[in-house]
Amino acid sequence: MCLAVVAWKVHPRFPLVLAANRDEFYARGAARAGWQAGSPEFWGGRDLEAGGTWLGLDRSGRWALVTNYRDPSERKPGAPSRGQLPLAYLAGGAAPAAFAGELALHASAYAGFNLLAGDRDSLAWYSNRGGPPQSLAPGVYGLSNRLLDTPWPKLLRARRALEASLALDEADAIREALFALLLDPSPAPDDQLPQTGVPLEWERRLSPVFIQSPEYGTRVSTVLIREAEGRMLAEERAHVPAGPPVQTLIHPISAIPPAI
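Starting from 1, residues in each chain are numbered consecutively following that chain's sequence as written. Residues qualify for local features only when their pLDDT is at least 70, as the model is predicted, and side-chain atom pairs are given and counted only at 80 or more; totals for whole chains, interfaces and linings, by contrast, use all residues. Note that water and hydrogens are dropped before the side-chain values are worked out from all heavy atoms of the structure.

1. Observations concerning the overall build of the protein
Formally: Counting from the N terminus, the helices are DSSP H or I runs at least four residues long and the strands are E runs at least two residues long. Throughout, radius of gyration means the C-alpha value; the globule benchmark is 2.2 Å times the number of residues raised to the power 0.38. Each residue is assigned to one of three classes by its accessible area relative to the maximum for its type, calculated with a 1.4 Å probe on protein chains only: buried under 20%, partly exposed between the two thresholds, exposed over 50%. Whether two residues touch is decided by their heavy atoms; if any such pair falls within 4.5 Å, the residues are in contact. Note that accessible areas follow from Shrake-Rupley with a 1.4 Å probe, and for residues the cover is restricted to the protein chains shown. His is not counted, nor are the chain ends; Lys and Arg add positive charge and Asp and Glu add negative charge. Charged groups are reduced to one reference atom each: NZ for lysine, CZ for arginine, CG for aspartic acid, CD for glutamic acid.
For the protein, the helix and strand inventory stands at five helices and 14 strands. At 17 Å, the protein has a C-alpha radius of gyration in line with the 18 Å of a compact globule built from 260 residues. The buried share of the protein, reckoned over its 260 residues, is 53%. Summarising the internal contacts of the protein: among those between residues at least 6 apart in sequence, 58% fall at separations of at least 24. Carbon together with sulfur atoms contributes 55% to the accessible area of the protein, which is approximately 11100 Å² in total. Put simply, the protein has 26 plus and 27 minus side-chain charges, and the middle of one group is 3 Å from the middle of the other.

Here is the structure:
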């Protein structure tokens, strides 16, 4: 994931509402979202180069996502894949904050990352570039390639659009509003661009919610909505570089029943 916005225990009917984009080089192989076999079994996409995932959830309603922390000066050859972190969380039984606390003990081995991990009761965020793990109170949050709620223009736009969607009362309407926000191609003005160490051309290219370029861009958009009764609705839409307009492939929605 390179952008995620989440409403945690804000909507009276849907305690979890999450919208996220994964940005990546088109040449990097990936499997579409669905139930992935292995230990753990999880719903999500699979990175075919390193074997991890950017976002995954299990049948009990536990979920996790990871974003990179953008720092082009950092070099960690041989570092473990950050995509293994959501899998490690899903494979265990620890609460989100407990998992993040354990991860913090060896997180320096990884290149910079952010991890959001949740279950039905709690939500935690941890970055190995941002201090100790945090348990998050109910609220609306945004995460990109810096720290939680770093006010990059695209994050602020996405968070405002998520907040507007919470006025809706039906899952289908919220879902379509979230996918619409994830397709926002508006670039940030130059005077609002972050300075993360990449060339100005790349800062411009990376500034929209939805990124398009010849070799790199938004590969998939994902929406998760949990109903108050526990059922999780999950859908991924994949984007391929086919020139304007971007071709969208819709993966059928998965309704994951609450665990018994």
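Picking up after the structure, the text goes on.
2. Examining helix 2 (residues 96-104)
For clarity, the cut-off: Within this analysis, the arc is defined by the directions that extend from the helix axis to the C-beta atoms.
Along helix 2, the residues classified as buried are Pro-96, Phe-99, Ala-100 and Leu-103. When helix 2 is viewed along its axis, its buried side chains cluster within an angular range of 100° and face the same direction. Elements in contact with the buried residues of helix 2: helix 1 (84-91), strand 7 (113-118) and strand 8 (123-127).

3. Comments concerning the environment of Ala-30
Relative to the helices and strands, Ala-30 is located in strand 3 (residues 30-36). With residues up to four places along the chain from it excluded, the contact list for Ala-30 reads Arg-22, Arg-46, Leu-48, Trp-54 and Arg-219.

4. Details of the packing of aromatic side chains
Which entries qualify depends on this criterion: For Phe, Tyr and Trp, where Trp contributes only its six-membered ring, two rings pair if their centres lie within 6.5 Å, and the inter-plane angle classes them as stacked under 30 degrees, edge-to-face over 60, or tilted in between. Whether a charge sits over a ring depends on NZ of Lys or CZ of Arg being within 6 Å of the ring centre and within 35 degrees of the ring normal.
Scanning all chains against the criterion turns up five aromatic pairs. Ring centres of Phe-113 and Tyr-126 lie 5.8 Å apart, and the angle between their planes is 70°; on these two criteria the pair is classed as edge-to-face. Of this pair, Phe-113 sits in strand 7 while Tyr-126 sits in strand 8; the two residues are 13 residues apart in sequence, bridging distant segments of the chain. The exposure classification of Phe-113 matches that of Tyr-126, with both residues buried. Note on Trp-202 and Tyr-216: the rings are 5.7 Å apart at their centroids and 75° apart in plane angle, and the pair reads as edge-to-face. Of this pair, Trp-202 sits in helix 5 (residues 200-206) while Tyr-216 sits in strand 11 (residues 216-226), and the two are 14 residues apart along the sequence. A residue is classified by how much of its surface remains accessible, and Trp-202, at 23% relative accessible area, is partly exposed. Here Tyr-216 falls in the buried class, since its relative accessible area comes to 11%. Above the face of the Tyr-89 ring, Arg-62 is positioned so that its terminal group lies 4.0 Å from the ring centre. A cation over a ring is seen here: Arg-237 above Phe-179, with NZ or CZ 3.9 Å from the ring centre.

5. Topic: the nonpolar core
Heads up, the rule is: Each nonpolar core is a collection of buried residues, namely Ala, Val, Leu, Ile, Met, Phe, Trp, Tyr and Cys, held together in the definition by side-chain atoms within 4.5 Å.
Among the nonpolar cores identified, the biggest contains 27 residues, and Leu-18, Leu-55, Leu-57, Trp-63, Leu-65, Leu-116 and Leu-224 are the most heavily contacted of them. Apart from residues no more than four positions distant in its own chain, Leu-18 is found in contact with Val-5, Val-6, Leu-55, Trp-63, Leu-65, Leu-178, Thr-222, Val-223 and Leu-224. Counting residues in hydrophobic clusters, the runner-up holds 22 residues, among them Val-140, Leu-162, Leu-178 and Phe-179.

6. So, the packing of helix 3 (residues 153-165) against helix 4 (residues 171-182)
Rule in force here: The axes are straight lines fitted to the C-alpha atoms, using for helices just the contacting stretch, and the angles between their N-to-C directions are given from 0 to 180°. Orientation labels follow simple angle bins: below 35 degrees gives roughly parallel, above 145 gives roughly antiparallel, 65 to 115 gives roughly perpendicular, and whatever is left gives oblique. Handedness of each helix crossing follows the sense of rotation of the near helix against the far helix: counterclockwise by less than a right angle gives left-handed, clockwise gives right-handed. Three residue categories are used. Nonpolar comprises Ala, Val, Leu, Ile, Met, Phe, Trp, Tyr, Cys and Pro, charged comprises Asp, Glu, Lys and Arg, and polar comprises the others, including Gly.
Running from N to C, helix 3 and helix 4 cross one another at 165°; their axes reach a closest spacing of 9 Å. The orientation of helix 3 relative to helix 4 falls into the category roughly antiparallel. Taken as a pair, helix 3 and helix 4 cross one another with a handedness that is right-handed. Residues Ala-158, Ala-161, Leu-162 and Ser-165 of helix 3 lie in contact with helix 4, whose contacting residues are Ile-174, Ala-177, Leu-178 and Leu-181. Among the residues forming the contact of helix 3 with helix 4, the class breakdown is seven nonpolar, one polar and no charged.

7. Concerning the layout of surface pockets
Spelled out, the test is: Residues are said to line a cavity or pocket when one of their atoms sits within 4 Å of a point; the points come from a 1 Å grid over protein atoms alone, cavities being sets where a 1.4 Å probe fits but cannot get out and pockets being open sets with protein on both sides within 12 Å along at least five of seven lines. Grid points are joined across faces, edges and corners, and a volume is the space filled by probe spheres set on the points.
One number sums up the size of the largest pocket: a volume of about 1000 Å³. In terms of lining residues, the largest pocket is bounded by 35 residues, among which Glu-24, Arg-28, Asn-68, Arg-82 and Tyr-216 are the most central. For the lining of the largest pocket, the secondary structure elements donating two or more residues are strand 2 (16-25), strand 6 (63-68) and helix 5. For the lining of the largest pocket, the leading source of residues is strand 2, giving four residues. Each pocket or cavity is described by its volume, and for the second largest pocket that value is around 160 Å³. When residues of the lining of the second largest pocket are traced back to their parent elements, those giving at least two are strand 3, strand 11 and strand 12 (232-240).

8. Comments concerning the sheet that holds strand 8
To keep things clear, this is the line we draw: The pairing criterion is simple: DSSP has to find at least two bridges between the two strands.
Strand order in this open sheet of seven strands is 3-4-5-6-7-8-9, and the pairing throughout is antiparallel. The sheet terminates laterally at strand 3 and strand 9 (134-135), the two strands that pair on one side only. One ladder, built from three bridges, connects strand 5 (residues 55-57) with strand 6; its direction is antiparallel. Paired with Leu-55 across the bridge in strand 6 is Leu-65. On the sheet, helix 1 packs against strand 4 (42-47), strand 5, strand 6 and strand 7 and is oriented at approximately 160° with respect to strand 6.

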